[in-house]
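Chain residues, written in single-letter form:
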Amino acid sequence: MWDKVVYIFIITIATYILKQLFSETPNYVKFQSKFLVFYIWASVISLFMLPFFVFNPRNVLNSLYGVQLIKHITKLMEIKWVLRNGKVLIEDRGAVIVSNHQSSIDILGMFNIWHVAVKIAAVARKELFYIWPFGLSAYLAGVIFIDRNNSKDAYKTLKATTDIMIKNKTKLWLFPEGTRNKDFTKLLPFKKGAFNIAVAAQVPIIPVVISPYYFINSKKYIFNKGHAIIQCLEPVPTVGLTIDDVPKLKDEIQNIMESAYKELSKEVLSGLPPNYPLATQD
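Calculation criteria
- Residues numbered from 1 in each chain as written.
- Predicted model: local features only at pLDDT ≥ 70, side-chain atom pairs only at ≥ 80, totals over all residues.
- Heavy atoms only, no water.
- Helix = DSSP H or I, 4+ residues; strand = E, 2+ residues; numbered from the N terminus.
- Rg over C-alpha atoms; globule rule 2.2 N^0.38 Å.
- Buried < 20%, exposed > 50% of the residue type's maximum accessible area, 1.4 Å probe, protein only.
- Contact = heavy atoms within 4.5 Å.
- Areas by Shrake-Rupley, 256 points an atom, 1.4 Å probe, with all protein chains shown as cover.
- Lys, Arg positive; Asp, Glu negative; His and termini not counted.
- Charge placed at Lys NZ, Arg CZ, Asp CG, Glu CD.
- Expected span 1.5 Å × (residues − 1).
- Phe/Tyr/Trp six-rings, centres within 6.5 Å; stacked < 30°, edge-to-face > 60°.
- Lys NZ or Arg CZ within 6 Å of the ring centre and 35° of its normal.
- pLDDT = per-residue confidence, 0-100.
- Core = buried A, V, L, I, M, F, W, Y, C linked by side-chain atoms within 4.5 Å.

Each helix and strand counted, the chain has eleven helices and nine strands in total. Relative to the globule expectation of 19 Å for 282 residues, the C-alpha radius of gyration of the chain, 20 Å, shows essentially globular dimensions. Going through the 282 residues of the chain one by one, you find that 47% of them count as buried. Taking as baseline every contact in the chain between residues at least 6 positions apart, the subset at least 24 positions apart corresponds to 77%. For the chain, the accessible area works out to roughly 15000 Å², and carbon and sulfur atoms hold 63% of it. Computed over 33 positive and 21 negative side-chain charges, the inter-centroid distance for the chain is 4 Å.

Have a look at this one:
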């Protein structure tokens, strides 16, 4: 008897999920499925790449190979990434990349331009390490995990990578907002960590601004196809600067990134219909 009940339950749930997935009306199941496909694909590729990463652990070039496989999920998610001024990423040198942070799909944006910079060490919160196999694979691929709740330890971890960044000409990618920002109008206040590291290493800071994801509305469970512009701004040198210059440097870079973000917002939103369900709308 119970086996029939379980069978009927499974069939009912499966039928409901399929109905929601193929529905033309936005719904929670359809919305979350886009993210779920990305997470599952990333986990599968991570598991596949693990044996290869083990033989050359903590090498940032491992990431290059892995992301080339993961990034193709973008086509299924129907997102087009447009890179502008990518030439600033090409130069073979150590640098600190700072970018705005809006969603977990920021990672997909990174993956789609990773091949331009080649040697990148992403910085992520330590909780992601425990999401295996992705976390373990990311660690072996050179991702740096930090404890955001302990700023001193996080800074020590990043400072320990300074020599690697300079000697191996690796670019550190950080999100100075510290958390996801869903406000289309402005960026969250930047934290000083990324700028402290850049000044300590005397390497340039490369601001990267990603346009708002107008095609995602979590309140209304909408995830349409769309495009995002990844705008690389001109590198800001730090040679000659000291720790005392960090607050001013941080504010200056936030201002130029916020200005670029507003311009990108106008660009991507201007062509949308007046009734387009933007995430900022109720």
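Okay, back to it.
What follows covers helix H6 (residues 106-117). Compared with the 16 Å implied by 1.5 Å per residue over twelve residues, the 16 Å span of H6 between its first and last C-alpha is a close match. Regarding H6, the residues found buried are Asp106, Leu108, Gly109, Met110, Phe111, Asn112, Ile113, Trp114, Val116 and Ala117.

What follows covers helix H3 (residues 61-70). Buried within H3 we find Asn62, Ser63, Leu64, Gly66, Val67 and Ile70. On the buried face of H3, the contacting elements are helix H2 (28-54), helix H4 (73-77), H6 and helix H7 (134-140).

Quick look at the packing of aromatic side chains now. For the coordinates displayed, the defined rule picks out 19 aromatic pairs. Taking 5.3 Å as the distance between ring centres and 75 degrees as the angle between the ring planes, the aromatic pair formed by Phe129 and Tyr130 counts as edge-to-face. With a centroid separation of 5.8 Å and an interplanar angle of 85 degrees, the aromatic rings of Phe129 and Trp132 are classed as edge-to-face. Looking at Phe129, the relative accessible area reads 21%, which means it is partly exposed. Since its relative accessible area comes to 52%, Trp132 is described here as exposed. Here a set of aromatic residues connected by ring pairs shows up, and it is made of Tyr28, Phe31, Phe35, Phe38, Tyr39, Trp81, Tyr213, Tyr214, Phe215, Tyr221, Phe223 and Tyr276. In this structure, Arg58 packs its charged tip against the face of Tyr139, placed 4.2 Å from the ring centre.

Right, let's talk about the confidence of the model for the chain for a bit. Residues at a pLDDT of 70 or more form 94% of the chain, whose mean pLDDT is 87. Element-level mean pLDDT values for the chain span from 68 in helix H8 (residues 151-159) up to 97 in strand E6 (residues 205-210).

Counting residues in hydrophobic clusters, the biggest one holds 80 residues, and the most contacted among them are Leu89, Val96, Phe195 and Phe215. Other than its neighbours up to four places away in sequence, Leu89 contacts Ile97, Ile113, Val116, Ala117, Lys171, Ile206 and Cys232.

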